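# Summary of structural features
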Amino acid sequence: MEWLETIPAVSVYLIVGLVIGLESLGIPLPGEIVLVSSALLAATQDHIDPLVLGACASAGAIIGDSIGYLIGRKGGQPLVNWAGRKFPKHFGPDQVAMAEEKFDKWGMWAVFFGRFIALLRIFAGPLSGVLKMPYWKFLIANVLGGVIWAGGTTALIYYVGKVAESWLSKFSWVGLVAAVLFGIGSFVVMKRRAAKAAAQREASAAKPADAMAE
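Everything numeric here is computed off the predicted structure, so don't read it as measured data.

Considering all chains together, one arrives at three salt bridges under this definition. Of the charged contacts in the structure, one is a salt bridge between Glu32 and Arg121, with a shortest N-O distance of 3.8 Å. Taken together, the residues span a long stretch of sequence, with Glu32 in helix α2 (residues 31-44) and Arg121 in helix α7 (residues 118-130) at a distance of 89 residues. Arg121 shares its class with Glu32; the two are buried.

We now examine α7. A maximum bend of about 50° is found in α7 at Ala124, where proline Pro126 lies one to four positions downstream. Buried residues dominate α7, accounting for 13 of its 13 residues. Following α7 by one or two positions, Lys132 adopts a phi angle in the positive range, close to 60°.

Moving on: the confidence of the model for the chain. The share of residues in the chain with pLDDT of 70 or more is 62%, and the mean pLDDT across the chain is 76. Per-element confidence in the chain ranges from a low mean pLDDT of 54 for helix α9 (residues 165-170) to a high of 90 for helix α1 (residues 9-25).

A separate point is the packing of aromatic side chains. Summed over the entire model, instances satisfying the criterion amount to eight aromatic pairs. A connected cluster of aromatic rings, assembled from ring pairs, spans Trp109, Phe112, Phe113 and Phe116.

Relative to the elements of secondary structure, Leu53 occurs in helix α3 (residues 50-86). With 18 residues separating them in the primary sequence, Leu53 and Leu35 have C-alpha atoms 8.7 Å apart. In contact with Leu53, not counting residues within four places along its chain, are Val12, Tyr13, Val16, Ser38, Ala39, Ala42 and Thr154.

A separate point is the environment of Ile7. Mapped onto the elements of the fold, Ile7 is located in the segment before α1. The partly exposed category is assigned to Ile7, whose relative accessible area is 24%. A C-alpha to C-alpha distance of 9.2 Å links Ile7 and His47, two positions 40 residues apart in sequence. Not counting residues up to four positions away in its chain, the partners in contact with Ile7 are Val12 and His47.

Reading guide: rules and limits
- Residues numbered from 1 in each chain as written.
- Predicted model: local features only at pLDDT ≥ 70, side-chain atom pairs only at ≥ 80, totals over all residues.
- Heavy atoms only, no water.
- Salt bridge = Lys/Arg side-chain N within 4 Å of Asp/Glu carboxyl O.
- Helix = DSSP H or I, 4+ residues; strand = E, 2+ residues; numbered from the N terminus.
- Buried < 20%, exposed > 50% of the residue type's maximum accessible area, 1.4 Å probe, protein only.
- Bend = angle between axes of the 7 residues up to and from the residue.
- pLDDT = per-residue confidence, 0-100.
- Phe/Tyr/Trp six-rings, centres within 6.5 Å; stacked < 30°, edge-to-face > 60°.
- Contact = heavy atoms within 4.5 Å.

Encoded structure:
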């Protein structure tokens, strides 16, 4: 673990803020894994300040979401269609249908709670703009969600890491593996929900057709 001490703290802060910012903007990146890994690193390396780390993560989340909102507002539905062609696993019809269903149902709360869900996290900003959500509503949910998710995750993982510091020093990659498995699990759950939403959408579309046939 001695080589970890050579990593400049500024580099860690910048990487965390950049990755989370790009993910929040709408680019599929492992922001949660990077944040958890960095918080674990801060727990074992004194030169990395968890407060600064949490602040950088929060700033990246809020700024990235805001840029994503503006892009979605300007790009509209053609942007969603383009993203679906470029990233079909993340912005395909099933995923978009599921996200739109959540936004229609929960409004600004979908932005807030979406911050804690891997798949919705990349949709929150751009889709809010596409759906013309009032910016003041989006901003409130964005700031609250970003600070609580980024700051809360950093604090939780940091203190857990401190408690188990002696154990982590012997198994430095266990925490990272756990974070990866957690991220994959979240993605699988959201994938299943997206498929369910698509099935419901197809069933609803089939009903009018059946009625006309009768």
